[in-house]
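In case you want the letters, here they are:
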Amino acid sequence: MNFISIFYGLFLLSVLGIYWSLAQQKLRLWTLLIASLVFYASLHIQYIPLLLALTYINFRVGLEIGKNTSPGKHSLDWQISNEEWQFAQGDWNRRRLKLLWIGIILNVLLLLGYKYFTPLFKFVFYVETNSPDSSFKLIAPLGISFFTFECIAYLIDVYRGAPATEQFLKFATYKLFFVKLISGPITRYHNLANQFNTLDLPNSDRVAQALWLIARGAVKKGIFADHLGIFVDLCFGNLQRAGSTDLWLATFAYGLQLYLDFNGYVDIARGSALLFGLVLPENFDFPYFSTNISEFWRRWHITLGDWLRNYVYFPLGGSRRGLVRTCWNLFIVMLIAGIWHGAALGYLVWGIFHGLALVVHRLTDTMSDRFENLEQFWQNPLGIFVAWLLTQLMVFTSWIWFRLPNLQDSSLVIRHLWGYPADAQFAQKVYVDALNMSQYQLSWVLLALAAFMAVVYAFNRILKLELNWPLKLVFVPLCFYAVWLFAPEGSLPYIYFDF
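Everything quoted here is computed from the prediction, not taken from an experiment.

1. Description of the overall build of the protein chain
Point 1. The helix and strand tally for the protein chain stands at 20 helices and zero strands.
Point 2. The C-alpha atoms of the protein chain give a radius of gyration of 25 Å, which matches the 23 Å a tight globule of 499 residues would have.
Point 3. Each of the 499 residues in the protein chain was classed as buried or not, and the buried ones make up 48%.
Point 4. Counting contacts in the protein chain only where the partners sit at least 6 residues apart, residues at least 24 apart contribute 76% of the total.

2. Digging into the side chain of N329
Point 1. Residue position: N329 is located in helix α13 (residues 323–341).
Point 2. Overall, N329 belongs to the buried group, its relative accessible area being 0%.
Point 3. Separated by 3.5 Å, the side chain of N329 and the backbone oxygen of L316 make a polar contact.
Point 4. Once residues lying within four places of it in the same chain are set aside, the contact partners of N329 are Y313, L316, G317 and G318.

3. With respect to the layout of surface pockets
Point 1. Considering only enclosed or pocket space, the second largest pocket measures out at about 1,000 Å³ in volume.
Point 2. Lining the second largest pocket are 32 residues, with W212, R216, K220, F286 and V456 positioned closest to its centre.
Point 3. Each residue belonging to the lining of the second largest pocket can be placed in one class, and the counts come to 21 nonpolar, three polar and eight charged.

4. Details of a negative patch on the surface
Point 1. A surface patch of negative charge is lined by D365, D369, E372 and E375.
Point 2. Those elements that place two or more of their residues in the negative patch are α14 (345–370) and α15 (372–379).
Point 3. In this structure, D369 sits in helix α14.

5. As for helix α2 (residues 25–44)
Point 1. The end-to-end C-alpha distance of α2, which contains 20 residues, comes to 28 Å, matching closely the 28 Å that a straight helix rising 1.5 Å per residue would cover.
Point 2. Among the residues making up α2, those that are buried are R28, L29, T31, L32, L33, A35, S36, F39, Y40 and H44.
Point 3. Considering only its buried residues, α2 is in contact with α1 (6–21), α3 (48–66), α6 (168–176), α7 (178–181) and α8 (189–196).

6. So, the side chain of R28
Point 1. Within the secondary structure, R28 is located in helix α2.
Point 2. Of the side chains with opposite charge, D200 lies nearest to the buried R28, which makes no salt bridge, at 6.4 Å.
Point 3. Ignoring sequence-local partners within four residues, the contact set of R28 consists of Y19, W20, L22, A23 and L199.

7. Things to note about unusual backbone geometry
Point 1. With an omega of 10 degrees, the peptide bond running from G184 to P185 counts as cis.
Point 2. One non-glycine residue, F286, lies in the positive phi region at around 50 degrees.
Point 3. With respect to the element layout, F286 can be found in the loop between α10 (244–275) and α11 (293–299).
Point 4. A residue is classified by how much of its surface remains accessible, and F286, at 16% relative accessible area, is buried.
Point 5. The phi torsion at N436 lies on the positive side, around 60 degrees, for a residue other than glycine.
Point 6. By secondary structure assignment, the location of N436 is in the loop between α18 (424–434) and α19 (439–462).

8. Observations regarding the confidence of the model for the protein chain
Point 1. The pLDDT averaged across the protein chain works out to 88; a share of 91% of its residues lies at or above 70.
Point 2. No element of the protein chain has a lower mean pLDDT than helix α4 (residues 78–124), at 74, and none a higher one than α6, at 96.
Point 3. Low pLDDT, under 50, characterises residues 73–80; the predicted model gives this stretch four contacts beyond four residues in sequence or across chains.

Reading guide: rules and limits
- Residues numbered from 1 in each chain as written.
- Predicted model: local features only at pLDDT ≥ 70, side-chain atom pairs only at ≥ 80, totals over all residues.
- Heavy atoms only, no water.
- Helix = DSSP H or I, 4+ residues; strand = E, 2+ residues; numbered from the N terminus.
- Rg over C-alpha atoms; globule rule 2.2 N^0.38 Å.
- Buried < 20%, exposed > 50% of the residue type's maximum accessible area, 1.4 Å probe, protein only.
- Contact = heavy atoms within 4.5 Å.
- Polar contact = N/O pair within 3.5 Å; in protein donor to acceptor, adjacent residues only side chain to side chain.
- 1 Å grid on protein atoms, 1.4 Å probe; cavity = no way out; pocket = protein on both sides within 12 Å on 5 of 7 lines; lining within 4 Å.
- Points joined across faces, edges and corners; volume = space filled by probe spheres on them.
- Nonpolar A, V, L, I, M, F, W, Y, C, P; charged D, E, K, R; others polar.
- Patch = residues over 30% accessible without salt bridge, like charges linked within 9 Å, V, L, I, M, F, W, Y side chains within 5 Å.
- Areas by Shrake-Rupley, 256 points an atom, 1.4 Å probe, with all protein chains shown as cover.
- Salt bridge = Lys/Arg side-chain N within 4 Å of Asp/Glu carboxyl O.
- Lys, Arg positive; Asp, Glu negative; His and termini not counted.
- Charge placed at Lys NZ, Arg CZ, Asp CG, Glu CD.
- Expected span 1.5 Å × (residues − 1).
- pLDDT = per-residue confidence, 0-100.

In structure tokens:
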């Protein structure tokens, strides 16, 4: 069931009608849970038993970690009871830590198993690429990366002192909530559970905001991202024929496509959740206007960045153990981010590239603190522009490994970025036959799209202006009509469905 489809619209309206017609919270949770299972069944019905089993296992492990088995101090002999209490307390904490590690290892093994079993199988048994056995592939359940990260976050939160839920229905609804199940945003249980306790019918302002989020998300994905995707697929699908200029345009186009595709998905997810009276976290904050790579990761895929910071970077020591250890921690975090995205070596290179960029930024930041002239340069308009340009050049070139995780393909693109002429037939097939525009016109289209994003950024972040709810309601049907009119035939799948 595609988010941008008549079927999803009818499905959402039907669930909303049942949901708000029920007064009891328990019945509303059952409605969301059943609707989520129906939604997932339309995509990957064979994995529903697995997700339900994993949900129950994490629920039980969380209960055991959060169980209050700490001994009391009621002996008459205070010295003896205090000593015994300390030993018992230590045993209890060790047991909780073991349970936490069991839960984490189970989730990590599941994630790595689905992502890495196929390449390991081919490597261990020396399966040739062109052999019949090379077609073997273990298909991972949709949303498994987001699912396991949320489970790990819940177990760690409970270990750190957050209360473990005793209501499996509430936990299962949180885990399987259909609007965020496939591609996030990554949410924490206690944040959503608190909202389950106060489910109020949204007012007109919230309804308008929800519909506006869904409508603009549909435009981002259905019109902009999918049209950009056509050119990106044509160019990166014909690497030997594409010239240097074509590859630079495709790299820039892919960066915009990835952002609009994923951000469009999250907008629709957040808008859908808002109609149920639930607020999901923001996942993007104009990341392409960041002036350093650290800021980029605070504004790109925000919930993943928060997860890596809270559950990997801080436990490793964060920035509390000196500059060298801080740089090492930053590198490890991005290495894990690369592994999380997939088994291909390109994702690993992408993670390493971003890890090194974060290390360079931290070292540069340290030097700027010591040299006043350098700090003043980065704060003046020229320095800000240079910092922005270098950051975005690094980010967009790194997307090459993200889009082409096969190192042979991505290496070919890197080699052909300078001074490589296009095949004579490439321009005819891509620009004339497929896109009906010249390379020059496409360049202006991409620049116009970037300029429009800059205008939106200026209105939203600099001028602090936003549409009021009556105006949003006016634009909602216009957005849907535009998608119906201008979206290409055969909508492209969401990019982050692969992760």
